[in-house]
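Residue-level listing of the chains:
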Amino acid sequence: MADDATRRTVSNIPLLKTHAGPRDRALWPQRLKEEYQALIRFVEQNKAADNDWFRLESNADGTRWSGTCWFVHELLRYEFRVEFDIPVTYPDTAPEVAVPELDGKTAKMFRGGKICLTEHFAPLWARNVPRFGLAHLMALGLAPWLAVEIPDLISKGLVIHKERNSG
Amino acid sequence: MATVEELKLRVRELENELIKCKQKQNAMEDAHNQALNRPKIDKMSAEVVDSNPYSRLMALKRMGIVEDYEKIRTFSVAVVGVGGVGSVTAEMLTRCGIGKLMLFDYDKVELANMNRLFFQPHQAGLSKVEAAEHTLRNINPDVAFETHNYNITTLENFTHFMDRISRGGLEDGMPVDLVLSCVDNFEARMAINTACNELGQIWMESGVSENAVSGHIQLIVPGETACFACAPPLVVAANIDEKTLKREGVCAASLPTTMGVVAGLLVQNVLKYLLRFGTVSYYLGYNAMQDFFPAMTMKANPQCNDRHCRRQQEEYKKKEATQPKVEVVQEEEEVVHEDNEWGIQLVSEVSDSELQAATGARPDLPEGITVAYTIPAQDAAAGDTVEETEQSLEDLMAQMRKL
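Note that this is a predicted model, so its numbers are computed, not measured. (Residues numbered from 1 in each chain as written. Chains lettered and ligands numbered in written order. Predicted model: local features only at pLDDT ≥ 70, side-chain atom pairs only at ≥ 80, totals over all residues. Heavy atoms only, no water.)

K.L.:
When you look at the overall build of chain B in this model, what are you seeing that I'm missing?
P.N.:
Helix and strand content of chain B: 10 helices and 10 strands. Carbon together with sulfur atoms contributes 52% to the accessible area of chain B, which is approximately 24,600 Å² in total. (Helix = DSSP H or I, 4+ residues; strand = E, 2+ residues; numbered from the N terminus. Areas by Shrake-Rupley, 256 points an atom, 1.4 Å probe, with all protein chains shown as cover.)

K.L.:
Please clarify how the sheet that holds strand S6 (residues 214-220) of chain B should be interpreted in this entry.
P.N.:
Strands pair in a sheet through their backbones, by hydrogen bonds, and they do so in one of two ways: parallel or antiparallel. Residues and elements named next belong to chain B. Spatially, eight strands are ordered S3-S2-S1-S4-S5-S6-S8-S9 in an open sheet, and the strand pairing comes out mixed. Each edge of the open sheet is held by one strand with a lone partner, namely strand S3 (144-148) and strand S9 (295-296). Here S6 pairs with strand S8 (residues 283-287) via five bridges, running antiparallel. When the bridges of S8 are listed, Ser-214 appears paired with Asn-287. Here helix H4 (residues 128-139) sits on the sheet and contacts strand S2 (100-104) and S3; the angle it forms with S3, its principal contact strand, is near 170 degrees. In the packing of helix H5 (residues 155-167) onto the sheet, contacts are made with strand S1 (76-80), S2, S3 and strand S4 (178-181), and the angle to S2 comes to roughly 170 degrees. (Pairing = 2+ DSSP bridges. Contact = heavy atoms within 4.5 Å. Axes fitted to C-alpha atoms, helices over the stretch in contact; angles between N-to-C directions.)

K.L.:
I tried to follow the interface of chain B and chain A on my own but got confused; where do I start?
P.N.:
Many structure descriptions define interface size as the accessible area lost when the parts assemble. Counting residues at the interface gives 45 residues for chain B and 50 residues for chain A. When chain B packs against chain A, the two sides together hide about 4,200 Å² of surface, and 60% of this comes from carbon and sulfur. Sorting the residues of chain B by area buried against chain A places Val-386, Met-400 and Leu-403 of chain B first, and these three jointly supply 18% of that buried surface. On inspection of chain B and its partner chain A, the count reaches four salt bridges. Linking chain B to chain A there are 12 residue pairs in polar contact (both at pLDDT 80 or more). Sorting the residues of the side of chain B that touches chain A by element identifies H5, helix H6 (186-199) and helix H10 (393-402) of chain B as the ones contributing at least two each. In the side of chain B that touches chain A, the residues fall into 19 nonpolar, 14 polar and 12 charged. (Buried area = accessible area lost by both parts, 1.4 Å probe. Salt bridge = Lys/Arg side-chain N within 4 Å of Asp/Glu carboxyl O. Polar contact = N/O pair within 3.5 Å; in protein donor to acceptor, adjacent residues only side chain to side chain. Nonpolar A, V, L, I, M, F, W, Y, C, P; charged D, E, K, R; others polar.)

K.L.:
Explain the nonpolar core here, please?
P.N.:
A general trend in soluble globular proteins is that nonpolar side chains are found buried together. Of all hydrophobic cores here, the largest spans 52 residues; its most connected members are Phe-54, Trp-65, Phe-84, Leu-102 and Leu-142 of chain A. Of all the secondary-structure elements, those providing two or more residues to this core are helix H2 (28-48), strand S1 (54-58), strand S2 (64-73), strand S3 (76-85), helix H3 (121-127) and helix H4 (134-155) of chain A together with H10 of chain B. Looking at this core, the element that brings in the most residues is H4 of chain A, giving 12 residues. If sequence neighbours within four positions are ignored, Leu-102 of chain A has contacts with Phe-80, Met-109, Trp-145, Ile-150, Leu-153 and Val-159 of chain A. The next biggest cluster of nonpolar side chains, apart from the first, holds 48 residues, and it includes Met-58, Val-66, Tyr-69 and Phe-119 of chain B. (Core = buried A, V, L, I, M, F, W, Y, C linked by side-chain atoms within 4.5 Å. Buried < 20%, exposed > 50% of the residue type's maximum accessible area, 1.4 Å probe, protein only.)

K.L.:
Can you help me understand the sheet that holds S1 of chain A in this one?
P.N.:
Residues and elements named next belong to chain A. The strand order across the open sheet formed by three strands is S1-S2-S3, and the pairing between neighbours is antiparallel. Looking at strand neighbours, the two that pair on one side only are S1 and S3, the edges of this open sheet. The sheet shows a mean angle of 15 degrees between the axes of neighbouring strands, direction not considered. Here S2 runs beside S3; their pairing, made up of 10 bridges, is antiparallel. Within the sheet, the bridge partner assigned to Phe-71 lies in S3 and is Tyr-78.

K.L.:
Which parts of the structure should I look at to understand the packing of H2 of chain A against H4 of chain A?
P.N.:
Each packed pair of helices is defined by two parameters, the angle between the axes and the distance between the axes. All names here are of chain A. Remark: H2 packs on H4, axes separated minimally by 7 Å, with the N-to-C direction vectors making an angle of 45 degrees. Considering their axes alone, H2 and H4 lie oblique with respect to each other. Touching Glu-35, Ala-38, Leu-39 and Phe-42 of H2 are Leu-134, Ala-135, Met-138 and Ala-139, all from H4. (Parallel < 35°, antiparallel > 145°, perpendicular 65-115°, else oblique.)

K.L.:
Before we go on, may I ask you to explain the pattern of salt bridges in this structure?
P.N.:
Think of it this way: side chains of opposite charge can pair up when their charged atoms draw near. According to the stated counting rule, one finds 25 salt bridges over all chains in the structure shown. For the salt bridge of Asp-152 of chain A with Lys-156 of chain A, the shortest nitrogen-to-oxygen distance reads 3.0 Å.

K.L.:
Honestly, the pairing of S4 of chain B in this entry has me stumped. Any pointers?
P.N.:
Regular strands show a simple pattern: their side chains alternate between the two faces of the sheet. Residue and element names in this part refer to chain B. Taking every second residue as pointing to the same face, both faces of S4 are buried, with Leu-178 and Leu-180 on one and Val-179 and Ser-181 on the other. Alignment of S1 against S4, held across four bridges, turns out to be parallel. Opposite Val-80, over in S4, you have Ser-181 as the bridge partner. Examined bridge by bridge, S4 and strand S5 (residues 203-208) share three bridges and lie parallel to one another. Bridging across to S5, Val-179 finds its partner in Trp-203. At this point the chain moves from S4, through H6, to the parallel S5, and the crossover so formed is right-handed. (Right-handed = clockwise from strand over helix to strand, strands pointing away.)

K.L.:
What exactly am I supposed to notice about the UniProt feature "active site" (unreviewed entry) in chain A here?
P.N.:
As annotated by UniProt and renumbered to match this structure, "active site" (unreviewed entry) occupies Cys-116 of chain A. With respect to the secondary-structure elements, Cys-116 of chain A resides in the loop between strand S5 (114-115) and H3. When near neighbours in sequence (up to four residues on either side) are disregarded, Cys-116 of chain A contacts Lys-108, Met-109, Phe-110 and Trp-145 of chain A together with Cys-251 of chain B. (UniProt positions renumbered as here; feature names shortened; annotations may be inferred.)

K.L.:
Is there a simple way to explain the environment of Phe-119 of chain B in this structure?
P.N.:
Residues and elements named next belong to chain B. The topology assignment puts Phe-119 in the loop between S2 and H4. The exposure class assigned to Phe-119 is buried, which follows from its relative accessible area of 7%. When the C-alpha atoms of Phe-119 and Ser-87 are compared, they prove to be 8.0 Å apart, with 32 residues separating the residues in sequence. Every residue in contact with Phe-119, bar those within four places of it in the chain, is listed here: Val-82, Ser-87, Val-109, Met-114, Lys-128, Ala-131 and Ala-132.

K.L.:
What is the right way to read the side chain of His-148 of chain B from this model?
P.N.:
Structurally, His-148 of chain B can be placed in strand S3. Apart from residues no more than four positions distant in its own chain, His-148 of chain B is found in contact with Met-102, Leu-103, Phe-104, Asp-105, Val-129, His-160 and Arg-164 of chain B.

K.L.:
Hey, could you run me through the confidence of the model for chain B in this one?
P.N.:
Close reading of the predicted structure is inappropriate where its pLDDT is low. The predicted model of chain B has a mean per-residue pLDDT of 88, with 88% of residues at 70 or higher. Here the predicted complex carries an ipTM of 0.84, next to a pTM of 0.83. (pLDDT = per-residue confidence, 0-100.)

K.L.:
Hey, could you run me through the packing of aromatic side chains in this one?
P.N.:
Aromatic rings in a pair are described by how distant their centres are and how their planes are angled relative to each other. The full count for this structure, using the stated rule, is 14 aromatic pairs over all chains. With a centroid separation of 5.1 Å and an interplanar angle of 35 degrees, the aromatic rings of Tyr-36 of chain A and Trp-65 of chain A are classed as tilted. One end of the pair, Tyr-36 of chain A, is in helix H2; the other, Trp-65 of chain A, is in strand S2, with 29 residues separating them in the sequence. Accessibility classification places Tyr-36 of chain A together with Trp-65 of chain A in one group, the buried group. For the pair Phe-104 of chain B and Phe-161 of chain B, a centre-to-centre distance of 4.9 Å together with 85 degrees between the ring planes defines the contact as edge-to-face. Of this pair, Phe-104 of chain B sits in strand S2 while Phe-161 of chain B sits in helix H5, and the two are 57 residues apart along the sequence. Neither Phe-104 of chain B nor Phe-161 of chain B differs from the other in exposure class; each is buried. Three or more aromatic residues joined by ring pairs form one cluster here, namely Trp-28, Tyr-90, Phe-121, Trp-125 and Phe-132 of chain A. Positioned above the aromatic ring of Trp-70 of chain A, the side-chain terminus of Arg-77 of chain A is 4.4 Å from the ring centre. (Phe/Tyr/Trp six-rings, centres within 6.5 Å; stacked < 30°, edge-to-face > 60°. Lys NZ or Arg CZ within 6 Å of the ring centre and 35° of its normal.)

This is the structure we're talking about:
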């Protein structure tokens with residue numbers, strides 16, 4: 001599923017230990033801490049590799065996440081809002097990541113702008129419960145999706161660079 | 001030339017006129033509907049006359065298929081997901097005269113849904129549950145409806161969902177008789193599974209594959225039969241070479257035929273289960289490419305990830321133990337060689353456990369049914385894990401924000 005570069009990036013993200021979802025009041029705060037630790041490490045790694053490409057933050061109880069991701073294409077930076085809820089069945093099931101502003105622009109999306117992850121992502125996630133967390137979701141779910149879809153959307157004129165658009 | 005103010009005023013005038021027109025039209029439609037709709041029927045009649053909507057259903061009694069058809073009015077069923085399968089399922093149950101239908105869906109009707117049955121183009125933009133209730137009430141006003149327009153997988157909605165299926169039966173405070181899963185994604189199925197395991201609620205799963213040429217239905221009795229988390233998702237093999245299957249640029253295909261067939265199989269099983277006739281299927285697959293219908297029963301997995309599934313299994317075992325068992329024991333004769341002077345034994349070169357570690361256990365399934373993927377045994381030393389930290393959650397959140 002993933003190329004060597006992705007594999008290397010992912011192997012550097014620390015794995016999580018606590019198997020707990022948002023309904024587990026006792027253990028969820030611990031899981032949430034681990035999520036933040038892994039995300040912080042992943043962002044720091046991306047920065048060090050000059051490949052910083054997303055930010056995320058959650059509400060206080062960690063059930064709703066939002067942020068931005070960006071994608072550089074032909075030296076121009078395209079930025080998109082990202083959002084998702086943590087499902088009650090997390091981490092047995094991965095959250096459904098949405099990029100709402102692209103809703104209706106690509107067939108590889110479900111209603112509400114939820115990105116369509118490949119057939120391979122579900123088995124990959126299932127095999128790594130509970131060790132994979134949100135950082136892995138970003139690296140193995142959202143990143144490959146953006147890499148395929150955004151250049152295509154730009155070439156079709158469905159995504160236009162903001163400055164170019166206003167200028 | 002008119003000033004901006006004048007134009008604004010004119011817009012407001014026109015808006016008001018439009019509202020008046022709409023109100024008039026609605027009043028006319030309501031009056032029209034009132035005239036068209038039949039009054040509620042108190043008791044199902046078996047009388048064969050043109051005006052009796054239940055005559056052909058009550059005939060099932062006379063033919064000896066169903067013992068007590070009127071009993072259908074005492075049942076309540078929750079349908080989760082009112083899409084291609086769920087809407088048709090709800091319509092069939094409505095026409096059969098079910099007592100109460102509870103509908104859950106967070107989606108809106110779209111023109112892209114028009115390749116499926118039930119919804120009509122003029123309903124585009126309405127919430128699916130609202131549009132469905134309107135149509136279904138017209139078809140059969142005897143059915144009680146309760147609709148919820150939300151996503152059941154989020155924390156708050158899930159709590160409400162659990163509350164409704166456990167207390168929203170025909171008699172207030174009683175659970176529904178059956179929950180039907182007609183959703184189109186893994187997350188929602190797992191959420192229904194979690195709720196039903198916790199509540200001990202019997203439910204039926206249904207699904208159509210993303211390539212639209214296979215489907216399945218499954219009856220899940222918590223603790224007794226395999227729950228949705230007991231094994232990786234089951235797939236009805238469509239015998240299509242993965243290499244020739246093109247996935248470029250699309251997420252999912254759908255056909256009204258496959259969805260109609262699966263809805264039909266599902267409701268047939270519901271009727272057989274509720275009204276006690278025929279044999280109820282535990283798992284029935286539909287392979288549309290070869291017209292093949294594999295069937296099986298799968299026991300609950302004692303190592304299931306869902307602790308409530310394991311709890312239900314314990315309870316089921318206790319219940320079973322109290323019931324007297326009549327079982328025919330077939331003795332198998334052991335092959336014993338007269339003498340084995342040298343103590344020779346057959347030993348496989350690769351142990352079963354080694355084989356399983358590489359690919360993951362594959363449940364024993366009949367021909368035509370397989371699992372979507374296997375899960376290899378946990379490999380403890382797979383990589384670095386997060387370190388113990390002294391930092392509080394707030395510290396970490398602040399640190400993330402500062403990056």
